[in-house]
Amino acid sequence: MITMKSCNLIVAAVTLVIGVMIAYTSYGYGISMTMFGPGAGFWSFILGVGLVVVAVLIVADTLYHSHEFTAIQVRLGEKANLQAYKLMVLFGAFVLLLQILGFYLDAFLFMCACMYLLGMRRSSTIISVALAFLAFIYVIFSLSLHINLPLPIFWS
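Residues numbered from 1 in each chain as written. Predicted model: local features only at pLDDT ≥ 70, side-chain atom pairs only at ≥ 80, totals over all residues. Heavy atoms only, no water.

Undergrad: Would you mind going over helix α2 (residues 42–64) with me for this structure?
TA: Residue pairs spaced three or four apart in an α-helix point in one direction, given the helix's 3.6 residues per turn. With 23 residues, α2 extends 33 Å from end C-alpha to end C-alpha; this agrees with the ideal 33 Å at 1.5 Å per step. Taken as a whole, α2 has its buried residues at Gly48, Ala55 and Thr62. Turning to α2, the residues buried within the fold contact α1 (4–29) and α3 (66–71). (Helix = DSSP H or I, 4+ residues; strand = E, 2+ residues; numbered from the N terminus. Expected span 1.5 Å × (residues − 1). Buried < 20%, exposed > 50% of the residue type's maximum accessible area, 1.4 Å probe, protein only. Contact = heavy atoms within 4.5 Å.)

Undergrad: Help me understand the layout of surface pockets, please; the structure alone is not making it clear to me.
TA: In this approach the atoms are scanned with a rolling probe the size of a water molecule, which exposes any empty space left behind. The space that makes up the largest pocket amounts to roughly 340 Å³. The wall of the largest pocket is formed by Ile2, Met4, Cys7, Ile10, Val11, Val74, Leu76, Asn81, Ala84, Tyr85 and Met88. Taken together, the elements giving at least two residues each to the lining of the largest pocket come down to α1 and α4 (82–101). Among the elements that make up the lining of the largest pocket, the one with the highest residue count is α1 (four residues). Considered class by class, the residues forming the lining of the largest pocket number ten nonpolar, one polar and no charged. (1 Å grid on protein atoms, 1.4 Å probe; cavity = no way out; pocket = protein on both sides within 12 Å on 5 of 7 lines; lining within 4 Å. Points joined across faces, edges and corners; volume = space filled by probe spheres on them. Nonpolar A, V, L, I, M, F, W, Y, C, P; charged D, E, K, R; others polar.)

Undergrad: How should the pattern of salt bridges be read in this particular structure?
TA: Opposite charge on two side chains makes pairing possible when the charged atoms of those side chains draw close. Within this structure, the stated rule accounts for one salt bridge. In this structure, Arg75 engages Glu78 in a salt bridge whose closest nitrogen and oxygen atoms are separated by 3.7 Å. (Salt bridge = Lys/Arg side-chain N within 4 Å of Asp/Glu carboxyl O.)

Undergrad: Teacher, can you tell me more about unusual backbone geometry here?
TA: In most cases, non-glycine residues show a negative phi, while peptide bonds are predominantly trans. The residue His146 is not glycine, and still its phi comes out positive at about 55 degrees. When you line up the elements, His146 lands in the segment after α6 (123–144). On the basis of relative accessible area, His146 is assigned to the exposed category, the value being 62%.

Here it is as structure tokens:
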């Protein structure tokens, strides 16, 4: 049986690696301040550093509460964890299909599937919430900020 302490340390290690990778890659895009604002990698660099800080905080908390976390046994195969695993698979599918289906269609399907998985059964509510959220994203990113989100392969 694996303990909560081990799980926390594994999560901290993964978070640390991802944070360092994001910060390193972002630094290559430039993080310095220019007269036009921060460089292309500035905000992603901040995100990477933030993940490193979170990893350090997870380790510190785990070591501070070491006795308590060692006593907690984690059962990965329990039925209660099945829904979390399904959500992880859905998120993986979202990432894999992003370049194929484009952001809007992929995000629509992802939101609908997540709401259904989490217990929402009224299809009218699922569709309307997903469409409203996508309309909000379209207004903010496409119309206000002029940021092009990925389009489907068949659209280009």
